[in-house]
Amino acid sequence: MTINIQPIGKIRTPYKEKFAIPRQPGLAKSAEGEIIFFEEFNDPNYLRGIEQFSHLWLLFHFHQTADKGHSPLVRPPRLGGNQKLGVFATRSTFRPNGMGMSVVEFGAVSYQNNQLSLTVKGIDLLDGTPILDIKPYVPYADSIPQASGGMAQHSPELLAVTFTEQANGQLHMLEQRYPALGLLIREVLSQDPRPAYHQHSHPDKTYGMTLYDLNIQWQVINQQNVVLTIHPK
Ligand code: SAM
């Protein structure tokens, strides 16, 4: 059986590459995305009443990894990449049908110049991700406080993040264009985006990530992520 699915829109996000995107929504709460609706869905009626919900489910397609296929077993980063679990026991991006789901915070609806858009916060989606569906988060049904989260029972431990004087100066200038940039960098780097196998073996390595059109470089020094430079690409 084959089912054809038509995306309803695409999301614009600050995350231009997979590296350093938080592993789940809500870990970088300030990360904002804007869903731009495709022509057939470019009608404010589709969103009427949505503002009464503080949170929404986004269903989307892992478009960047979809062509890599899947296998029955995957190595979750949570387990240090050493143990294998069944793909359906994980939130891996490499899965049949390449479907992702994220709870995000509702932001605002806009309809300007005949273009419908919806902003949401706390996203873990790559820029350009096709959005398949949007549904309200319904606390009485979707929140199960006594649920067991297995290997992911708790949110990941956070690393402290500091900025060198040079990075602070660059941030100050760039915040005129991206007002919440400092907070976003802190939230993203506090998740320690390094691959698990680097955490003990690459002490002096300088890492780089892209947010918006900016290249951000940092190093781990005494268990802190120290931002070295923030440069337009
Ligand atoms: N919350 C979703 C879920 O559970 O289905 C996504 C979880 S998945 C582990 C999150 C990771 O997916 C991010 O850290 C990023 O590396 C990756 N990702 C986000 N958008 C993607 C896309 N469009 N294509 C491929 N990978 C993507």
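Residues numbered from 1 in each chain as written. Predicted model: local features only at pLDDT ≥ 70, side-chain atom pairs only at ≥ 80, totals over all residues. Heavy atoms only, no water.

### Observations regarding the sheet that holds strand β11 (residues 214-221)
Working step 1: The four strands lie next to each other as β9-β12-β11-β10, forming an open sheet whose pairing is mixed. Looking at strand neighbours, the two that pair on one side only are β9 (160-163) and β10 (206-211), the edges of this open sheet. Each strand axis lies, on average, 35° off the axis of its neighbour in the sheet, ignoring direction.
Working step 2: Sheet topology note: the β11/strand β12 (residues 224-232) ladder contains eight bridges and is antiparallel. Bridged to I221 within β12 is Q224.
Working step 3: Set on the sheet, helix α2 (residues 165-174) makes contact with β9, β11 and β12; between it and β12 the angle comes to about 50°. (Pairing = 2+ DSSP bridges. Helix = DSSP H or I, 4+ residues; strand = E, 2+ residues; numbered from the N terminus. Axes fitted to C-alpha atoms, helices over the stretch in contact; angles between N-to-C directions. Contact = heavy atoms within 4.5 Å.)

### Overview of the nonpolar core
Working step 1: With 45 residues, the main nonpolar core has L58, L118, I134 and I185 as its most contacted residues.
Working step 2: It is helix α3 (residues 181-189) that contributes the most residues to this core, five residues altogether.
Working step 3: Residues from two domains meet in this core; each of domain 1 (9-142) and domain 2 (160-197 + 205-232) gives at least three.
Working step 4: In this view, I185 contacts F163, L171, M209, L211, I216, V227 and I230; residues no more than four positions away in its chain are not counted. (Core = buried A, V, L, I, M, F, W, Y, C linked by side-chain atoms within 4.5 Å. Buried < 20%, exposed > 50% of the residue type's maximum accessible area, 1.4 Å probe, protein only. Domains from an automatic or database assignment.)

### Structural notes on the pattern of salt bridges
Working step 1: Overall, the coordinates contain four salt bridges when judged by the stated rule.
Working step 2: A salt bridge links K68 to D67; the shortest N-O distance between them is 3.7 Å.
Working step 3: Across the pair R194 and D192 runs a salt bridge whose closest N-O atoms are separated by 2.9 Å. (Salt bridge = Lys/Arg side-chain N within 4 Å of Asp/Glu carboxyl O.)

### Describing the site of the ligand
Working step 1: Not every one of the 21 residues close to the ligand is listed here, only the nearest: Q24, H63, R91, D124 and T129.
Working step 2: Contact between the ligand and P22: an oxygen atom at 3.0 Å from a main-chain N or O atom of the residue.
Working step 3: Between the ligand and the protein, one listed contact pairs a nitrogen atom with a backbone N or O atom of M101 at 3.0 Å.
Working step 4: Burial of the ligand by the surrounding chains reaches 93%, relative to a free accessible area of 600 Å².
Working step 5: Of all the secondary structure elements, the ones that give two or more residues to the shell around the ligand are β3 (55-61) and β6 (99-112).
Working step 6: Ranked by residues supplied to the shell around the ligand, first place goes to β6 with three residues.
Working step 7: The residue makeup of the shell around the ligand, split by class, is eight nonpolar, nine polar and four charged. (Near = heavy atom within 4 Å. Polar contact = N/O pair within 3.5 Å; in protein donor to acceptor, adjacent residues only side chain to side chain. Areas by Shrake-Rupley, 256 points an atom, 1.4 Å probe, with all protein chains shown as cover. Nonpolar A, V, L, I, M, F, W, Y, C, P; charged D, E, K, R; others polar.)

### Observations regarding the environment of L214
Working step 1: By secondary structure assignment, the location of L214 is in strand β11.
Working step 2: Spatially, the C-alpha atom of L214 lies 9.9 Å from that of T229, the residues being 15 residues apart in sequence.

### Focus on unusual backbone geometry
Working step 1: At N113, a residue that is not glycine, the phi angle is positive and equals roughly 50°.
Working step 2: A relative accessible area of 78% places N113 in the exposed class.
Working step 3: Residues other than glycine seldom take positive phi values, yet Q223 does so here, at roughly 60°.
Working step 4: For Q223, a relative accessible area of 55% puts it in the exposed group.

### Examining the domain arrangement of the protein
Working step 1: If you check the domain split of the protein, you get domain 1 (9-142) and domain 2 (160-197 + 205-232).
Working step 2: For domain 1 and domain 2, the distance between their C-alpha centroids amounts to 23 Å.
Working step 3: Carbon and sulfur atoms supply 64% of the area buried between domain 1 and domain 2, which totals about 1,200 Å² over both sides.
Working step 4: Looking only at domain 1, the three residues that lose the most surface to domain 2 are P14, F19 and S30, adding up to 39% of its buried area.
Working step 5: Linking domain 1 to domain 2 there are zero salt bridges. (Buried area = accessible area lost by both parts, 1.4 Å probe.)

### A few points about α2
Working step 1: Among the residues of α2, those classed as buried are A167, Q170, L171 and L174. One side of α2 holds all its buried residues, which, seen down the axis, span an arc of 105°. Exposed positions of α2 whose direction lies more than 90 degrees from the buried face are E165, H172 and M173.
Working step 2: Where α2 is buried, its residues contact β9, α3, β11 and β12. (Arc of directions from axis to C-beta.)

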